[in-house]
Amino acid sequence: YKGVDVLLRAVTGYNAQLVIIGDGPCRMSLMAMTADAGLTDRVRFMGDVSDTELLAWYHACDVLVLPSVSRQEAFGMVQLEAMLCGHPVISTELQTGTSWVNEHEQTGVIVRPGDVNALRGALERLLGDRELRERFGDAARRRVLETFTADTMCRATVALYDEVVCAPRPLPQSLVNRAGILAKRALDVTLSGVGLVASAPIWAVIALMIKLEDGGPVFYGQQRSGLNGVPFDVRKFRSMIPDAEANLGAVQATADDPRVTRDGRLLRATAMDELPQLWNIFRGDMSFT
């Protein structure tokens, strides 16, 4: 994802010395690509180097090139190190911290990732203009000293922390919303309570009908998902034969489903099998609205 292959294509046929520092699984294929392009005498693969040697290369170079083509590129510490040594940077526009460190036409040049022609043009422009390199390099060093010192970055981090974490937070709900929720709950309790009392005789009749038909249980229980995915148990008057789902599991009943009892068809047609859910509304598991 570092885009070294793009850089090699950009310098093909151009008289520039290229030093590649670092190692990785693509090194051998990149060296083969260098040989195929006839760049062996102008490209050096240094592998991993010590901090002292790396600092020497920062001071020796004219331009630091970071031709990344993937958003995997992180903050871009190598840019800061080269900029602090007074050198311009060529980087790619990744919309990450890497792009933000280098300022286009201020401390260096930013090109589109993977654009060989744009990268070559930026190289030719900077390597061919010493005065421009020095101007960008001076600005780059000032930017690091003004923006990226430990003191300024720590202060900025603390300020951001104070803004995000320590600032007073708004109430989870406005008073109007809370009043609406309380009113809705009061309505649910009132209506379901009245419904439970008023329908008590109907419950007794339905229970007797179910027992007289096949002697099985009066209620059928199932689990449903409530607010925020919290499960709750719900009861319905049984409208199918006992153990109707023992073999096939929960299967939606059809119009002429043989599992539905005679009384069950009446209960389903009148929605009376749902009557026990008044208790769930009263408890707060469900709501009328």
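Residues numbered from 1 in each chain as written. Predicted model: local features only at pLDDT ≥ 70, side-chain atom pairs only at ≥ 80, totals over all residues. Heavy atoms only, no water.

Engineer: What is the right way to read the environment of Glu81 from this model?
Structural biologist: Along the chain, Glu81 falls in helix H4 (residues 77–84). Under the relative-accessibility criterion, Glu81 is labelled partly exposed at 31%. When the C-alpha atoms of Glu81 and Arg141 are compared, they prove to be 9.2 Å apart, with 60 residues separating the residues in sequence. Dropping the residues within four chain positions of it, Glu81 is found in contact with Leu54 and Tyr58. (Helix = DSSP H or I, 4+ residues; strand = E, 2+ residues; numbered from the N terminus. Buried < 20%, exposed > 50% of the residue type's maximum accessible area, 1.4 Å probe, protein only. Contact = heavy atoms within 4.5 Å.)

Engineer: Looking at this structure, how should I read the sheet that holds strand E4 (residues 89–92)?
Structural biologist: Sheet strands pair by backbone hydrogen bonding; their relative direction is either parallel or antiparallel. Spatially, the 3 strands line up as an open sheet ordered E3-E4-E5, and their pairing is parallel. At either margin of the open sheet sits one strand with a lone partner, and together these are strand E3 (64–66) and strand E5 (108–111). Taking the axes of each pair of neighbouring strands and ignoring which way they run, one obtains an average angle of 10 degrees across the sheet. The pairing of E4 with E5 spans 4 bridges and is parallel. Of the residues in E5, the one forming a bridge with Val89 is Gly108. (Pairing = 2+ DSSP bridges. Axes fitted to C-alpha atoms, helices over the stretch in contact; angles between N-to-C directions.)

Engineer: Any chance you could explain the packing of aromatic side chains here in plain terms?
Structural biologist: We describe a pair of aromatic rings using the distance from one ring centre to the other and the angle between the two ring planes. Summed over the entire model, instances satisfying the criterion amount to 4 aromatic pairs. Note on Trp279 and Phe282: the rings are 5.8 Å apart at their centroids and 20 degrees apart in plane angle, and the pair reads as stacked. Remark: Phe282 and Trp279 occur in helix H12 (residues 277–283); sequence separation between them is 3 residues, near one turn of the helix. Taking relative accessible area as the criterion, Trp279 reaches 45% and is therefore assigned partly exposed. Of the residues examined, Phe282 reaches a relative accessible area of 32% and is grouped as partly exposed. Site record: aromatic cluster; members linked through ring pairs are Trp203, Phe219 and Phe237. (Phe/Tyr/Trp six-rings, centres within 6.5 Å; stacked < 30°, edge-to-face > 60°.)

In short, shape yes, function no, at least from these values alone.
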